[in-house]
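Given next are the chains, with one letter for each unit.
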Amino acid sequence: MMEDCPPDQMPSLLAVAVYRNHLYTVSAFGILLPLYYYGPLRQLPPTEDVPFADQWAGYIQGYITSFYPTPRFAQAQLPHTINRDFHWQSRAGAGSRTWEQAVYRGWPLYIYGDGTQPDPDYEHFEANDDERHLFRRMPADIPFGPVKGEESPDLPTIPPASLGP
C-alpha cells in the first residue's frame, strides 16, 4: 500500500523513456513508472473546465489524487527523438500540487502515486489503455491534444491553459 505523500511534495523524476510505444519515467527511487493522461479530455467541449484534484467530490477524490501531475522535465531528461513534443503548463489555482506540469503533445501528464511505489497495474501492459479508464497510459504517437504548452503557442488549447485534475 502506498503511503500518503504530502499533496505539495513534488515527485522526483530522473528521465523519460519510450518502451513498447508508451512513455515511462524513472523515479529517484529507481522505479519505472508509466506516464498517464486524463482520458476524458478527448471528448471535452472547447469551453469545458476540468477541476483540479482537490476540488473533486469526496467519493472519487481518493482515486483522482492517487495520480500525481508529472513535474516539468529538463531537456536533458527527455529522449531527443520526442523532446520537441514536451512542454509545460502552470497549475496556478490548484489548492495543492502547484508545480509546473509536464505536457506531452498537448496532454497533461500524470504518474500513479508519488514515485516511491510502482503502479499496481504495471505488470499488465494493457492496463489503463481502455477507453473506460479515466487515466490512460500515454502512447508515444498520440495525436496532438487540447492544451497549449506555456512555451509553445503553436499547440491547440482549451481555455483555461491549465487543465486536468
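The coordinates are above.
Note that the structure is predicted; figures quoted are calculated from it, not measured.

Peer 1: Whenever I open this one, the pattern of salt bridges confuses me. Can you help?
Peer 2: Two side chains bearing opposite charge may form a pair once their charged atoms approach each other closely. Across all of its chains, the model carries two salt bridges by this definition. Close ionic contact of Glu 100 with Arg 72 constitutes a salt bridge, the shortest N to O distance being 3.1 Å. Within this pair, whereas Glu 100 is found in the loop between β6 (86–89) and β7 (101–104), its partner Arg 72 is found in the loop between β5 (67–69) and β6, the two being separated by 28 residues in sequence. By relative accessible area, Glu 100 is classed as partly exposed at 34%. Close ionic contact of Arg 105 with Asp 85 constitutes a salt bridge, the shortest N to O distance being 3.1 Å. Here Arg 105 is found in the loop between β7 and β8 (107–108), whereas its partner Asp 85 is found in the loop between β5 and β6, with 20 residues between them in sequence. Its relative accessible area of 5% is what places Asp 85 among the buried residues.

Peer 1: Sorry if this is basic, but what is going on with the side chain of Gln 89 here?
Peer 2: Structurally, Gln 89 is set in strand β6. You can call Gln 89 buried: its relative accessible area is 0%. Among the polar contacts listed, one links the side chain of Gln 89 to the side chain of Gln 101, at a separation of 2.8 Å.

Peer 1: In this structure, what is going on with the environment of Asp 8? I would like to understand it.
Peer 2: Residue position: Asp 8 is located in the segment before β1 (13–19). Between the C-alpha atom of Asp 8 and that of Arg 97, which follows or precedes it by 89 residues, the distance is 4.8 Å. With residues up to four places along the chain from it excluded, the contact list for Asp 8 reads Ser 96, Arg 97, Thr 98 and Trp 99.

Procedures and definitions
- Each chain has its residues counted from 1, running along the sequence as written.
- Owing to the predicted nature of the model, reporting of local features is limited to residues with pLDDT of at least 70; listing and counting of side-chain atom pairs is limited to 80 or more, with chain, interface and lining totals taken over all residues.
- Side-chain metrics rest on all non-hydrogen atoms present in the structure, leaving aside hydrogens and water.
- One speaks of a salt bridge when a side-chain nitrogen belonging to Lys or Arg is within 4 Å of a carboxyl oxygen belonging to Asp or Glu.
- Put simply, DSSP marks the helices as runs of H or I at least four residues long and the strands as runs of E at least two long, and each gets a number from the N terminus on.
- Each residue is placed in one exposure class: buried if its accessible area under a 1.4 Å probe, protein chains only, is under 20% of its type's maximum, exposed if it is over 50%, and partly exposed if it falls in between.
- Distance and chemistry together define a polar contact, namely a pair of N or O atoms within 3.5 Å, with one atom able to donate a hydrogen and the other to accept it when in protein, and with adjacent residues in sequence counting only for side-chain atoms on both sides.
- The contact criterion used throughout is that any non-hydrogen atoms of two residues lie within 4.5 Å.

So yeah, pure geometry; function would need other evidence.
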